[in-house]
Every structure is written in C-alpha cells, then in structure tokens.
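Okay, here's what each chain looks like letter by letter:
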Amino acid sequence: MKKIVLLFCTLICTNVLMAQFVSRDEVTYQIIGPNSVKVYSYDGTDSVLIIPSHITYNGTNYTVTEIGYYAFNSNDVLISVDIPNSVTSIEEGAFYHCDNLRTLYFNAINCNDFNFTPFYYCPISTIHIGDSVQRIPAYFSYGLNGLTTVTIPNSIDSIGNYAFNNCSNLRNIISLANIPPSLGSYCFSNIPNDATVEVPCSGLQSYMSSSWSNYFSNIEILLCTYHPSSIGFFKIFSEILIT
C-alpha cells in the first residue's frame, strides 16, 4: 500500500514539474505564477528574436514577466533581440556571452534594477529604448564597449546606478526629455571625456544646472524640428543662438 501511495505521489509531482515548463517557437518558458511566466531557455536557430509579451497554454493567457538566469547564455546565433514591455525582471547573466548579439530593443516599461548587466560580454552596438519605457535599470549597459551612441526617449524619468558606466566608446548621448531624468550613482562614469549630450532646446538650462553637468562638460542643443500642423510649416533650426 505504501508503495502505491509513493508511486501515486511521484506521478503527481512529475506531472506538476512537467506542467511548469512550456515551449513556444523554440523558447522554453517556466510558469512562475497563476498568470505569469519567465523565459527559461532558447534553443532556436532564428538570429532575430522577438520575445512575446504573452503566451497561451491550456487555455490560460500568461504574461511574460521575467527573463531567467542565464536563459540565453553563450548563444552564438542571436544578432538581435526584442524585450517586450511586460518584462519587469531580467536575471543575472541572461544574455551572458552572446557573442553575436549586436542590436537590443528594450521595451520593458518599468524593469527592476539589475544586480549586474545581463548583457555582459555582448558586442551590442545599437540599443533602441522604447518610447514607453519609464526608467533605465541599474547596470543596464555596464561595460558595453561596442556602444557609441544612445538615444534616451522622452518617457524616461530616471536612470539607475552604473547604467552606462564603463562604456568606453560611448561618445554621443541624445536625451529627448525636456526635464532631465534623475541619475543614479556613477551611471555615466568611465566613458570618454569628450562625450557629448544633446538635449531639447527648452531643457538646456535644466540639464546644465542638474547632476548631468557632473558627468558632461559638453551639453548641447539637439537639432530642433517643428512641424505645427495648424499653420502648416516645417522648419529646422540647425543652430540656435541663446542670448
């Protein structure tokens, strides 16, 4: 009788464990809550990967909220990855040593800080930050030496500790926010001394009197484009003289 009970319990436990993992389009997800999953691993051959914000399993709709510990570790296939707006956590080493990963689309609206960059040893040279992203996590692109320029959208209100620290070739930062995003500790340390920040005309004085000036001596006016449909004109100011 004990053997039967033990066998029954083993079968139940096995089924539960099997149900915790779901495979969709060569991505394996782990069910971590009643309606949420994390990306567990990727065994695909597609070099361009768009991670979905939701998957369906057994009639239940699950939100992709996390990318797991070393989920894409040492993947040499990926050249571009798109992280959806639903992700709130990316664990350590998630994209560690993806030796051909060059383009990142980051759309996670309010992602938790990283303990360390999940993109370590990736040759990322282009980062697209989505227009709805509210904050850039700590250690976001720490040590990404392939990164030469980055555009920070108007939606960003804060940049975490060490976010762009040690990006040795980052020489051009374009910030579209009129109000300077708050900066965490050392977020732009150890980048080239001649790095330039381009900011909106209306925000120039705010940036120059904020903590941004602690990192950058070159804060310049971004090329201003106006297209007021009400009066139907298009004008570009390539140089603005402030008196």
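## Considering the overall build of the chain
Looking only at helices and strands, one finds 2 helices and 19 strands in the chain. Here the chain holds 243 residues, and 44% of them are scored as buried. Sequence-distant contacts, at least 24 apart, represent 44% of the contacts inside the chain between residues at least 6 apart.

## Looking at the pairing of strand β16 (residues 196-199)
Taken residue by residue, a regular strand's side chains alternate between the two faces of the sheet. On β16, burial covers both faces: Thr196 and Glu198 on one face and Val197 and Val199 on the other are all buried. In terms of strand pairing, β16 meets strand β17 (residues 218-221) through 4 bridges, oriented parallel. Looking at β17, one finds that Thr196 is bridged to Asn218.

## Concerning the sheet that holds strand β15 (residues 182-183)
Spatially, β11-β13-β15 is the arrangement adopted by the 3 strands of the open sheet, whose pairing is parallel. The two strands at the open ends of the sheet, each matched to only one other strand, are β11 (135-136) and β15. For β11 and strand β13 (residues 158-159), the ladder comprises 2 bridges, and the chain directions are parallel. Considered in β13, the bridge of Ile136 is made with Ile159.

## Some points on a nonpolar patch on the surface
On the surface, a nonpolar cluster with roughly 280 Å² of combined accessible area is contributed by Val48, Ile50 and Ile79. We classify Ile50 as exposed; its relative accessible area is 60%.

## Comments concerning the state of the cysteines
Tallied over the entire structure, the rule returns 0 disulfides. Cys98 carries a free sulfur, and the closest cysteine sulfur to it, the one in Cys122, is 4.8 Å from it.

## Some thoughts on the environment of Cys187
Here Cys187 shows up in the loop between β15 and β16. C-alpha separation for the pair Cys187 and Asn166, spaced 21 residues apart in sequence, amounts to 8.9 Å.

## With respect to the pairing of strand β9 (residues 103-106)
Pairing analysis gives 4 bridges linking strand β7 (residues 80-83) to β9, with the strands arranged parallel. Pairing of Asp82 across the sheet is with Tyr105, part of β9. When β9 meets strand β10 (residues 126-129), the two strands line up parallel, connected through 4 bridges. Looking at the pairing, Phe106 lines up with Ile129 of β10.

## Overview of the pattern of salt bridges
All told, the structure shown has 4 salt bridges when counted by the stated rule. Between Glu91 and Lys38 there is a salt bridge whose closest N-O contact spans 2.9 Å. Taken together, the residues Glu91 in the loop between β8 (89-90) and β9 and Lys38 in strand β3 (residues 36-42) connect sequence positions 53 residues apart. Between Arg171 and Asp194 there is a salt bridge, with its nearest N and O atoms 3.4 Å apart. In this pair, Arg171 is assigned in the loop between β13 and β14 (172-175) and Asp194 in the loop between β15 and β16, connecting sequence segments 23 residues apart. On the accessibility criterion, Asp194 (43% relative accessible area) is partly exposed. Shared partners join several salt bridges into a network, and the residues in it are Lys38, Glu66 and Glu91.

## With respect to the side chain of Asn165
In this fold, Asn165 is placed in the loop between β13 and β14. Residue contacts for Asn165: discarding those within four places in its chain leaves Ser141, Tyr142, Gly143, Tyr186, Cys187, Ser189 and Asn190.

## So, the packing of aromatic side chains
The final tally for this structure, using the stated rule, is 25 aromatic pairs. Taken together, a centroid distance of 6.4 Å and an interplanar angle of 80 degrees make the contact between Phe119 and Phe140 edge-to-face. Placement of Phe119 in the loop between β9 and β10 and of Phe140 in the loop between β11 and β12 (149-152) is noted, with a sequence separation of 21 residues between them. An angle of 70 degrees between the planes, with centres 6.1 Å apart, marks the rings of Phe188 and Tyr215 as edge-to-face.

Rules used in this analysis
Per chain, residue numbering runs from 1 following the sequence as it is written. This being a predicted model, a pLDDT of at least 70 is required before a residue's local features are given, and a value of 80 or more before pairs of side-chain atoms are given or counted; all residues contribute to the totals for chains, interfaces and linings. Excluding hydrogens and water, the side-chain figures rest on all heavy atoms present in the structure. Secondary structure elements are taken from DSSP: a helix is a run of H or I of four residues or more, a strand is a run of E of two residues or more, and numbering for both begins at the N terminus. The cut-offs for exposure are 20% and 50% of the maximum accessible area for each residue type, with area from a 1.4 Å probe on protein chains only; residues under the lower value are buried, those over the upper are exposed, and the others partly exposed. The contact rule is simple, with two residues in contact once any of their heavy atoms fall within 4.5 Å. Should DSSP find at least two bridges between two strands, the strands are regarded as paired. A patch is a set of surface residues, each over 30% in relative accessible area and not in a salt bridge, joined within 9 Å for like charges and within 5 Å for the nonpolar side chains Val, Leu, Ile, Met, Phe, Trp and Tyr. The Shrake-Rupley method, run with a 1.4 Å probe, gives the accessible areas here. Residue values count only the displayed protein chains as cover. We define a salt bridge as a side-chain nitrogen of Lys or Arg found within 4 Å of a carboxyl oxygen belonging to Asp or Glu. Here, the term disulfide refers to a pair of cysteine sulfur atoms separated by no more than 2.5 Å. The criterion for an aromatic pair is that two Phe, Tyr or Trp rings (for Trp, the six-membered ring) have centres within 6.5 Å, with stacked assigned to planes under 30 degrees apart, edge-to-face to planes over 60 apart and tilted to the rest.

Geometry only, nothing functional implied.
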